[in-house]
Amino acid sequence: MPDTMPSYVDSYVYLFGVLTLASFFWIIISGVILVIFGPDWWHVSAVGHFFNSTHFWSVQAFFFFMVLHLWAQFLMAAWRGGRHWTWIGGWMLFLLSILAGFTGYLSQNNFDAQWVGTQGKDAMNSVGVGGFFNLLNFGQMYGLHVFLLPMLILFLIGVHLFLVRKHGVVEPLPLDDGYDKENRRPTGSPVPEGESRP
Amino acid sequence: MNGPGLQPPINAGPAWQYSFFNLSVPDLIVVGLMIVVFVLAIAIPFPGGDNDSTH
């Protein structure tokens, strides 16, 4: 595995990934506290409101930085150099996170949750999975939200980080300034025999 | 009809609407903020980094 940071990572653009990870850390911390005390607590007590809000705002930061991370990696074509599984894994994380966020809305146990649940149930029925996922079933949605989806996300984050460590950060795209530095001539002009690159 | 004290439980407030696009004001603020943060992250030099642009 690479053990030094390449010079091109000296940019704030490369911080969006770790900011997403830091947000996820706070989502887990606040979520575990919410799980311990339950809806009666997070809707009623002042401390419950605080941790409910912490959980909510951590999610906002999580998606904010994840999408910025996605923009950055897309614009630098970060799937190059055998990094396609890092890219695909990132997409899987994004889609799973949307499901986790959605089941989170359903787990709020308030008017928002009922509204989202009744609207979403029609969508589930229309794509034929309404028999498996009942969005109005708080127990099912809560279970998916606090156990299955976080475990999947945690596992995929582990794989994602391992792949980033294994392959290193993608090198910047080559700068096409019309001059081929390696062969010291304008880009695209023929290289004579015996003078070519090694 | 509803009395003045009775409001729908969900009211997202004003929204920008064009064709099927519908973005609430908070949505627009977040998207705008993301673009600003992204541009700043590229534009602002990283402290301690080698910002020598000659190589």
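Residues numbered from 1 in each chain as written. Chains lettered and ligands numbered in written order. Predicted model: local features only at pLDDT ≥ 70, side-chain atom pairs only at ≥ 80, totals over all residues. Heavy atoms only, no water.

**Student:** It is not clear to me how the pairing of strand 1 (residues 15–18) of chain B should be interpreted in this structure. Could you clarify?
**Tutor:** Side-chain positions along a regular strand alternate between the two faces of the sheet. Residues and elements named next belong to chain B. Across 4 bridges, strand 1 lies against strand 2 (residues 21–24) in antiparallel orientation. Within the sheet, the bridge partner assigned to Q17 lies in strand 2 and is N22. Two successive antiparallel strands, strand 1 and strand 2, enclose a turn made up of 2 residues, where S19 displays a positive phi of approximately 55 degrees. (Pairing = 2+ DSSP bridges. Helix = DSSP H or I, 4+ residues; strand = E, 2+ residues; numbered from the N terminus.)

**Student:** How do you make sense of the packing of aromatic side chains when you look at a structure like this?
**Tutor:** Ring pairs (aromatic) are described by centroid distance and by the angle formed between their planes. In the structure shown here, the tally under the stated rule is 19 aromatic pairs over all chains. Among the aromatic residues, those joined into a cluster by ring pairs are A:F74, A:W79, A:W87, A:W91 and A:F94. (Phe/Tyr/Trp six-rings, centres within 6.5 Å; stacked < 30°, edge-to-face > 60°.)

**Student:** Explain the environment of A:Q108 to me, please; I cannot follow it from the model alone.
**Tutor:** All names here are of chain A. Structurally, Q108 can be placed in the loop between helix 4 (84–106) and helix 5 (111–126). Taking relative accessible area as the criterion, Q108 reaches 21% and is therefore assigned partly exposed. Between the alpha carbons of Q108 and W42 there is a distance of 9.2 Å; along the sequence they are 66 residues apart. Contact partners of Q108, with chain neighbours within four places excluded, come to W42, H43 and A113. Within the local environment of Q108, its side chain forms a polar contact with the backbone oxygen of Y105, the two atoms lying 3.3 Å apart. (Buried < 20%, exposed > 50% of the residue type's maximum accessible area, 1.4 Å probe, protein only. Contact = heavy atoms within 4.5 Å. Polar contact = N/O pair within 3.5 Å; in protein donor to acceptor, adjacent residues only side chain to side chain.)

**Student:** Explain the interface of chain B and chain A here, please?
**Tutor:** Buried accessible area, meaning the area lost when the parts come together, often serves as the stated size of an interface. Between chain B and chain A, the contact holds 16 residues from the first and 15 residues from the second. Between chain B and chain A the total buried area reaches about 1400 Å² when both faces are included, carbon and sulfur atoms providing 85% of it. Inspection of the chain B/chain A interface yields 0 salt bridges. The interface formed by chain B and chain A includes 0 residue pairs in polar contact (both at pLDDT 80 or more). Grouping the amino acids of the side of chain B that touches chain A by side-chain chemistry returns 14 nonpolar, 1 polar and 1 charged. (Buried area = accessible area lost by both parts, 1.4 Å probe. Salt bridge = Lys/Arg side-chain N within 4 Å of Asp/Glu carboxyl O. Nonpolar A, V, L, I, M, F, W, Y, C, P; charged D, E, K, R; others polar.)

Just geometry here; none of it tells us what the structure is for.
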